Amino acid sequence: MLVPALLVLFFCLRGRAGLSPHFLQQPEDLVVLLGDEARLPCALGAYWGLVQWTKDGLALGGERDLPGWSRYWISGNAASGQHDLHIRPIELEDQASYECQATEAGLRSRRAQLHVLVPPEPPQVLGGPSVSLVAGVPANVTCRSRGDARPTPELLWFRDGVRLDGATFRQTLLKEGTIGSVESILSLTPSSHDDGAILVCRARSQALPAGKDTAITLSLQYPPVVTLSAEPQTVQEGEKVTFLCQATAQPPVTGYRWAKGGSPVLGARGPMLEVVADASFLTAPVSCEVSNAVGSANRSTALDVRFGPILQAKPKPLSVDVGEDASFSCVWRGNPLPRVTWTRRGDAQVLASGPTLRLLAVGPEDAGDYVCRAEPGLSGLGGGSAEARLTVNAPPVVTALHSAPAFLRGPARLQCLVFASPAPEAVVWSWDEGFLTAGSRGRFLVETFPAPEGRGGQGPGLISVLHISGTQESDFSRGFNCTARNRLGEGGTQVSLGRRDLLPTVRIVAGVAAVAMTLLMVITGVALCCWRHGKASFSKQKNLVRIPGSSNGSSSRGPEEETGSSKDQDPTNGYYKVRGVSVSLSLGEAPGGGLFLPPSSPFGPPGTPTFYDFKPHLGIVPPCRLYRAQAGYLTTPHPRAFTSYIKPTSFGPPDLAPSTPPFPYAAFPTPSHPRLQTHV
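All chains use their own residue numbering, which begins from 1 and follows the written sequence. Restriction of local features to residues with pLDDT of at least 70 applies here, the model being predicted, together with a cutoff of 80 or more for giving and counting side-chain atom pairs; totals for whole chains, interfaces and linings are based on all residues. Working from all heavy atoms in the structure, the side-chain values ignore hydrogens and water.

## Quick word on the overall build of the protein chain
Okay, step 1: By definition, any uninterrupted DSSP run of H or I lasting at least four residues is a helix, any uninterrupted run of E lasting at least two residues is a strand, and each is numbered from the N terminus. Across its full length, the protein chain holds six helices and 48 strands.
Okay, step 2: Exposure classes here rest on a 1.4 Å probe applied to the protein chains alone. A residue is buried below 20% of its type maximum, exposed above 50%, and partly exposed in between. Here the protein chain holds 680 residues, and 36% of them are scored as buried.
Okay, step 3: Should any heavy atoms of two residues lie within 4.5 Å, those residues are considered in contact. Taking contacts inside the protein chain between residues at least 6 apart in sequence as the whole, the part at least 24 apart equals 63%.
Okay, step 4: Accessible area for the protein chain stands at about 39,200 Å²; split by element, carbon and sulfur atoms hold 56% of it. Where accessible areas are quoted, they stem from the Shrake-Rupley method and a 1.4 Å probe; at the residue level, only the protein chains shown are allowed to cover.

Structure follows, in structure tokens:
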């Protein structure tokens, strides 16, 4: 016991004599992660007294195990002056200012600040783990970190390992001034391609440099994404084409709508459309619109339709002054582009190719119709021509028309034909002592009429007529001028009046009258002849034809006829039942081989035979219908019909008794007055 005491006393005396207590090592500020162990070093030299630690000025005690502070203790070799403070595990309440004190020597170390780091919790993404968005619509995705993380964590966004920019950081403070939560808002406009994409929100701080991640999956609702195809894409006009409309959508497709050139295609509802191609499909594309609950989208496509030329714009008529340029244009549409040529109507020479024809310094000879022609396409369809008229404005063109010769002191008419563009302001007839434009003056009168259309491009035409009443000698010797003028000038011609003599006309009239008189006499003679033969009848004598009313005009009847006369007689005397009379002729011949005729005409010379020889005329139909001199019927020429007749027993030559006449005869009664013949 004596030796240690002496040593202590020795050192004490030595220290007092040489070295004073001092800090060999003082605590430093320390950052410790929550739950770890903290060590604050403290070493003293030349001091062997009491050493203690304070926390925010509160003494923790002088014992090494620091009773009352279960997680605190002091370590190190006290003899060598080592007094380190240990804390384990670190809690938030351990964050404070610590000081090492040598109480007996009155020494205090500098204050060391102990910082406790709290790592952030995994962040929370609102709406996760699957966030539903609408494609094309701007949206915000919010990531939030809660708790007592120290320091305040940083929230970052990543996609496929790539950090995303554009996020907005926001903090929420509690009433005590501490941070309640932090948020990071990511603004984005998703597309349909973002469906199923994974986004990561990372909370990172000094306490946790690697950070903690929370992943979400984007679930996109998007309107249909449409693809439209046509098969085949290039077609000839009239061929069939199939359009196919394919779409991906979330939620699923609810409907299809087809249109052509903006106009709906009625009856088309599904993803397929079949049409027959024509020229309109080249400029009127076909579109397919697909819809779902989110929205709709459409795509369109135009066909490459091959078709023949179609006229879109006709050339327009032109009217230009002489010497000016003229330009025609016409537009043809076709696929491939048609070849267009210009010609003049009636002339095969090609004047130009293309949609425009330009004529330089035109003259009157250029007036006419010009034709714009397009050849048919490869399919043989289409093509055609269109034409327009070029009217060249020039001074009037006046032409004298044929005028008939006139008699002296008779009426006369002179004519001229006028073509002019623009229309003439006036047409003037002039002669030696005067002129006249319209109306009348003395013996002269002017009239104007539209003329038939002339050669194309000549302009409207008119005919001006000068009437002269009571021509005079001077009218046949002088000239009459027909003159027309318009704004471009005037034109004219001279018209002469021809004279007609009276003597040739008298001769012609006399000749016509003579011919007419001759024809009249011939017709009269024929009529008289027919009338005389119409009065004739057959005589009761042998082979005689008697004229009713002659000296032997009393009627005789044969035995057969008289026997049945009372029974067969017509009570109406033939007024309604009229029959033609036929007489059977015997084959026997009269003297001289002829038929007996009525007595000689009072107009003929005396001694004329009372019969007519028919032999020279057997092959000719006699006048007044008296024919067939041999066996047969002889039709009476009388204009009346008769009701009684004798029917012959035979038509051959009869066997005659000596006392029997050569052939039966018939009497033709003459009625007292004419009757209406109703049936023949």
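## Here we look at the pattern of salt bridges
Okay, step 1: Salt bridges are defined as contacts in which a side-chain nitrogen from Lys or Arg sits within 4 Å of a carboxyl oxygen from Asp or Glu. Inspection of the entire model under this criterion finds 24 salt bridges.
Okay, step 2: Arg159 is the salt-bridge partner of Asp194, the closest N and O atoms lying 3.0 Å from each other. Here Asp194 is found in the loop between strand 18 (179-188) and strand 19 (198-205), whereas its partner Arg159 is found in strand 15 (residues 154-159), with 35 residues between them in sequence.
Okay, step 3: On the basis of relative accessible area, Arg159 is assigned to the partly exposed category, the value being 26%.
Okay, step 4: Taking the shortest distance from any N to any O, the salt bridge between Glu289 and Arg257 comes out at 3.3 Å. With Glu289 in strand 26 (residues 286-291) and Arg257 in strand 23 (residues 255-260), the pair connects residues that are 32 residues apart, well separated along the chain.
Okay, step 5: Since its relative accessible area comes to 23%, Glu289 is described here as partly exposed.
Okay, step 6: Its relative accessible area of 41% is what places Arg257 among the partly exposed residues.
Okay, step 7: One connected set of salt bridges, linked through shared partners, spans Arg71, Glu91, Glu93 and Asp94.

## With respect to the sheet that holds strand 38 (residues 426-431)
Okay, step 1: Two strands qualify as a pair provided that DSSP identifies no fewer than 2 bridges between them. Pairing within the open sheet is antiparallel, and its four strands lie in the order 39-38-43-44. Each edge of the open sheet is held by one strand with a lone partner, namely strand 39 (434-436) and strand 44 (489-496). Looking at each pair of strands side by side, their axes are set apart by 25° on average, direction ignored.
Okay, step 2: Note that strand 43 (residues 479-486) and strand 44 share eight bridges and pair antiparallel. Among the inter-strand pairings, Gly479 is bridged to a residue of strand 44, identified as Ser496. Lines fitted to the C-alpha atoms define the axes, with helices restricted to the stretch that makes contact. Angles between their N-to-C directions range from 0 to 180 degrees.

## Focus: the state of the cysteines
Covalently bonding the sulfur atom of one cysteine to the sulfur atom of another cysteine gives a disulfide.
Okay, step 1: Cysteine sulfur pairs qualify as disulfides if the two atoms are within 2.5 Å. Inspection of every chain in the model, using the stated rule, returns five disulfides.
Okay, step 2: Note that Cys330 is cross-linked by a disulfide to Cys372, the S-S spacing being 1.8 Å. In this structure the cystine formed by Cys330 and Cys372 twists about its S-S bond by roughly 40°; its chirality is therefore right-handed. Separated by 42 residues along the polypeptide, Cys330 in the loop between strand 30 (326-329) and strand 31 (331-335) and Cys372 in strand 35 (residues 368-374) bring together distant segments of the chain.
Okay, step 3: On the accessibility criterion, Cys330 (1% relative accessible area) is buried.

## Observations concerning the environment of Asp165
Okay, step 1: Here Asp165 is to be found in the loop between strand 16 (162-163) and strand 17 (167-173).
Okay, step 2: On a C-alpha basis, the gap between Asp165 and Ser187 in space is 9.4 Å, while along the polypeptide they are 22 residues apart.

## A few points about the sheet that holds strand 27 (residues 296-301)
Okay, step 1: Spatial strand order, 24-23-26-27: four strands in an open sheet with antiparallel pairing. Edge positions in the sheet fall to strand 24 (263-264) and strand 27, since each of these pairs with one other strand and no more.

## Points about the environment of Ser464
Okay, step 1: For Ser464, the position within the fold is in strand 42 (residues 461-468).
Okay, step 2: The class for Ser464 is buried, based on a relative accessible area of 0%.
Okay, step 3: Placed 37 residues apart in sequence, Ser464 and Val427 show a C-alpha to C-alpha distance of 7.3 Å.
Okay, step 4: The contact partners of Ser464, leaving out residues within four places of it in the chain, are Leu414, Gln415, Cys416, Val427, Trp429, Val446, Glu447 and Thr448.
Okay, step 5: Whenever two N or O atoms come within 3.5 Å, that pair is a polar contact, provided that in protein one can donate a hydrogen and the other can accept it, and provided that, for residues adjacent in sequence, both atoms are side-chain atoms. Among the polar contacts made by the side chain of Ser464, one reaches the side chain of Trp429 at a distance of 2.8 Å.

## Considerations on unusual backbone geometry
Leaving glycine aside, a negative phi is the common case for residues, and trans is the common case for peptide bonds.
Okay, step 1: The omega torsion across Gln250 and Pro251 is 0°, close enough to zero to call that bond cis.
Okay, step 2: Mapping Pro251 onto the fold places it in the loop between strand 22 (240-250) and strand 23.
Okay, step 3: In this structure, the amide linkage connecting Asn335 to the following residue, Pro336, adopts the cis form with an omega of 5°.
Okay, step 4: Residue position: Pro336 is located in the loop between strand 31 and strand 32 (340-344).
Okay, step 5: For Ala46, which is not glycine, the phi dihedral falls at a positive 60°.
Okay, step 6: Within the secondary structure, Ala46 sits in the loop between strand 4 (43-45) and strand 5 (51-55).
Okay, step 7: For Ala361, which is not a glycine, the phi torsion comes out positive at approximately 45°.

## Description of the pairing of strand 37 (residues 412-421)
Okay, step 1: Most of strand 37 is tucked away, with nine of its ten residues classed as buried.
Okay, step 2: Alignment of strand 36 (residues 384-400) against strand 37, held across five bridges, turns out to be antiparallel. Counterpart to Ala394 in the pairing with strand 37 is Ser421.

## Let's talk about the packing of aromatic side chains
Okay, step 1: Between 30 and 60 degrees the pair is tilted, below 30 it is stacked and above 60 it is edge-to-face, where a pair is any two Phe, Tyr or Trp rings, Trp via its six-membered ring, whose centres lie within 6.5 Å. Per the counting criterion, the structure on display carries seven aromatic pairs.
Okay, step 2: Seen from their ring centres, Phe243 and Trp258 are 6.5 Å apart, and the 55° between their planes marks the pair as tilted. With Phe243 in strand 22 and Trp258 in strand 23, this residue pair connects regions lying 15 residues apart in the sequence.
Okay, step 3: By relative accessible area, which is 0% here, Phe243 ends up buried.
Okay, step 4: Grouping aromatic residues by their ring pairs yields a cluster made of Phe328, Trp342 and Tyr370.
Okay, step 5: Above the face of the Phe281 ring, Lys260 is positioned so that its terminal group lies 3.9 Å from the ring centre.
Okay, step 6: The ring of Phe476 has Arg499 sitting right over it, with the charged end atom 5.4 Å from the ring centre. Criterion for a charge above a ring: Arg CZ or Lys NZ at most 6 Å from the ring centre, at most 35 degrees from the ring normal.

## Digging into the pairing of strand 43
Okay, step 1: In this sheet, strand 43 lies alongside strand 38 in antiparallel orientation, the contact comprising five bridges. Residue pairing for strand 43: Trp429 is matched across the bridge by Cys482.
Okay, step 2: Counted between consecutive antiparallel strands, the loop separating strand 43 from strand 44 contains two residues.

## Let's talk about the nonpolar core
Okay, step 1: By nonpolar core we mean a set of buried residues, namely Ala, Val, Leu, Ile, Met, Phe, Trp, Tyr and Cys, connected to one another through side-chain atoms within 4.5 Å. Among the nonpolar cores identified, the biggest contains 23 residues, and Trp53, Tyr72, Leu85, Ile87, Ile90, Tyr98 and Leu114 are the most heavily contacted of them.
Okay, step 2: Of all the secondary-structure elements, those providing two or more residues to this core are strand 3 (38-40), strand 5, strand 7 (72-75), strand 8 (84-87), strand 9 (97-102) and strand 11 (112-117).

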